Amino acid sequence: GCALHAQQPDPVTSVPAMPVLAAPGVPAPAVVRGVVRDAAGAPVERAIVRLVPAGRPGAAGLATQTDRRGAFRLAAPPGRHELRAWRAASDTAVR
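If you're wondering where the values come from, they're calculated on a predicted model, not measured in any experiment.

Considerations on the side chain of Asp 38
The topology assignment puts Asp 38 in the loop between strand 3 (30-36) and strand 4 (47-53). For the buried Asp 38, no salt bridge exists, and the shortest N-O distance to an oppositely charged side chain is 4.1 Å, to Arg 87. Separated by 3.0 Å, the side chain of Asp 38 and the backbone nitrogen of Ala 40 make a polar contact.

Re the environment of Thr 66
Along the chain, Thr 66 falls in the loop between strand 5 (62-65) and strand 6 (71-76). Taking the C-alpha atoms as reference points, Thr 66 and Ala 88, 22 residues apart in sequence, are found 9.6 Å from one another. Beyond its immediate stretch of four places on either side in the chain, Thr 66 contacts Val 36, Val 44, Glu 45, Arg 46, Ala 47, Val 49, Ala 71 and Phe 72. Polar contacts involving the side chain of Thr 66 include one to the main-chain amide nitrogen of Ala 47, which spans 2.8 Å.

Here we look at the pattern of salt bridges
Tallied over the full model, the rule gives two salt bridges. The salt bridge partner of Arg 69 is Asp 67, with a shortest N-O separation of 3.0 Å. For Asp 67, a relative accessible area of 29% puts it in the partly exposed group. The partner of Glu 82 in a salt bridge is Arg 84, with the nearest N and O atoms 3.3 Å apart.

Thoughts on unusual backbone geometry
Positioned with a positive phi, Arg 46 is a non-glycine residue whose angle comes to about 65°. Within the secondary structure, Arg 46 is located in the loop between strand 3 and strand 4. With a relative accessible area of 49%, Arg 46 lands in the partly exposed category.

Criteria and thresholds
- Residues numbered from 1 in each chain as written.
- Predicted model: local features only at pLDDT ≥ 70, side-chain atom pairs only at ≥ 80, totals over all residues.
- Heavy atoms only, no water.
- Helix = DSSP H or I, 4+ residues; strand = E, 2+ residues; numbered from the N terminus.
- Buried < 20%, exposed > 50% of the residue type's maximum accessible area, 1.4 Å probe, protein only.
- Lys, Arg positive; Asp, Glu negative; His and termini not counted.
- Salt bridge = Lys/Arg side-chain N within 4 Å of Asp/Glu carboxyl O.
- Polar contact = N/O pair within 3.5 Å; in protein donor to acceptor, adjacent residues only side chain to side chain.
- Contact = heavy atoms within 4.5 Å.

Written as structure tokens, this is what we have:
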């Protein structure tokens, strides 16, 4: 999985676009998963994780919340996406 680290106050921080691939000719979703961690490396429970099409930050996208271990999992359509995460209880972005 990918590790995301805490960043100070901007409300949402982008992670570079990542390709999500499916088998040729089959528009199947791909699984994107990882762990959200703070600056000290501790998992961030109940962080909001949002996956949006690359270059379209206002698009609806997909969202989920991390579990007690900071883990998340999303089924994403093929294409390039940006992954964003922030603490649910505040506007502090995690990256």
